[in-house]
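Secondary and tertiary structure notes
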Amino acid sequence: SSGINAEYGGILQNASGIAFSIPVSEVKRFLHEFSNEEKHKSRSTSKATYSLGLRIITLTPGMAHFLHHKEKLDPSLTSGVFVFDTSRNSPAHKAGLVKGDVIIAVDNFEVHSKTDLIDAVQNSGGSPVRVTFYRPDRGFLFTDVTPGKS
């Protein structure tokens, strides 16, 4: 199968220098998702937009499999949004979300993709949301976060 060769370089703890191949189908899905996010941003310029202050990526089955073995991710997790960074003093940072968390729900609505999370935050209108997430060393947790205007 064709793919793009890549190397983890500090995104995940204990994963520096691990090489792998990203299937073309996952790259296409990411590009489609990114394109839709940019279109969503350009359409919503007239109304307020909200942010949690996270750098995230959709947890794909391949990524989940990798994380099950390398980061002790719960094997039941096959979708969600992987947090690979939080902005300092952002709403997410203040609420305790950290690199390595996997967001699985916002206000009891399942989050399967980056788009699901963005939509849930925008639909909140800036009101606090309950974020349910998995942290490898602690299990399933939740925190309340008030999105900031972006």
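Before reading on, note that the structure itself is shown above.
This structure is a prediction, so every number in the text was calculated from the model and none was measured.

We now examine the pattern of salt bridges. This structure, assessed with the given rule, holds two salt bridges. A salt bridge links Asp-144 to Arg-130; the shortest N-O distance between them is 2.8 Å. Linking Asp-144 in strand E9 (residues 139-145) with Arg-130 in strand E8 (residues 129-135), this pair joins segments that are 14 residues apart in sequence.

Let us look at the environment of Gly-100. Take Gly-100: it is sitting in the loop between helix H3 (91-94) and strand E6 (102-106). Note on Gly-100: relative accessible area 17%, which makes it buried. Considering only alpha carbons, one finds Gly-100 and Pro-136, 36 residues apart in sequence, at a separation of 7.6 Å. Discounting residues that sit within four places of it in the chain, Gly-100 has contacts with Phe-82, Val-83, Tyr-134 and Pro-136.

Inspection of helix H4 (residues 114-123) places Lys-114, Leu-117, Val-121 and Gln-122 among the buried residues, and these make up the whole buried set. Around the axis of H4, the buried residues are gathered within 130° of arc, so they sit on the same side. In the segment just after H4, Gly-125 is the residue with positive phi, at about 65°.

A few words on the side chain of His-68. Checked against the element boundaries, His-68 lands in helix H2 (residues 61-70). One polar contact links the side chain of His-68 to the main-chain carbonyl oxygen of Leu-73, over a distance of 3.1 Å. A polar contact is formed between the side chain of His-68 and the backbone oxygen of Asp-74, at a distance of 3.3 Å. Beyond its immediate chain neighbours, meaning those up to four positions away, His-68 contacts Leu-73, Asp-74, Pro-75 and Leu-77.

Further remarks concern the pairing of E9. Pairing of E8 with E9, which is carried by seven bridges, proceeds in the antiparallel orientation. When the sheet's bridge partners are listed, Phe-133 is paired in E9 with Leu-141. Turn length for the E8-E9 hairpin, with the two strands adjacent in sequence and antiparallel, is three residues.

What follows concerns H2. Where H2 is concerned, the buried positions are Met-63, Ala-64, Phe-66, Leu-67 and His-68. Looking at the buried residues of H2, the elements they touch are strand E4 (54-58) and strand E5 (81-86). In the segment just after H2, Lys-72 is the residue with positive phi, at about 60°.

Calculation criteria
- Residues numbered from 1 in each chain as written.
- Predicted model: local features only at pLDDT ≥ 70, side-chain atom pairs only at ≥ 80, totals over all residues.
- Heavy atoms only, no water.
- Salt bridge = Lys/Arg side-chain N within 4 Å of Asp/Glu carboxyl O.
- Helix = DSSP H or I, 4+ residues; strand = E, 2+ residues; numbered from the N terminus.
- Buried < 20%, exposed > 50% of the residue type's maximum accessible area, 1.4 Å probe, protein only.
- Contact = heavy atoms within 4.5 Å.
- Arc of directions from axis to C-beta.
- Polar contact = N/O pair within 3.5 Å; in protein donor to acceptor, adjacent residues only side chain to side chain.
- Pairing = 2+ DSSP bridges.

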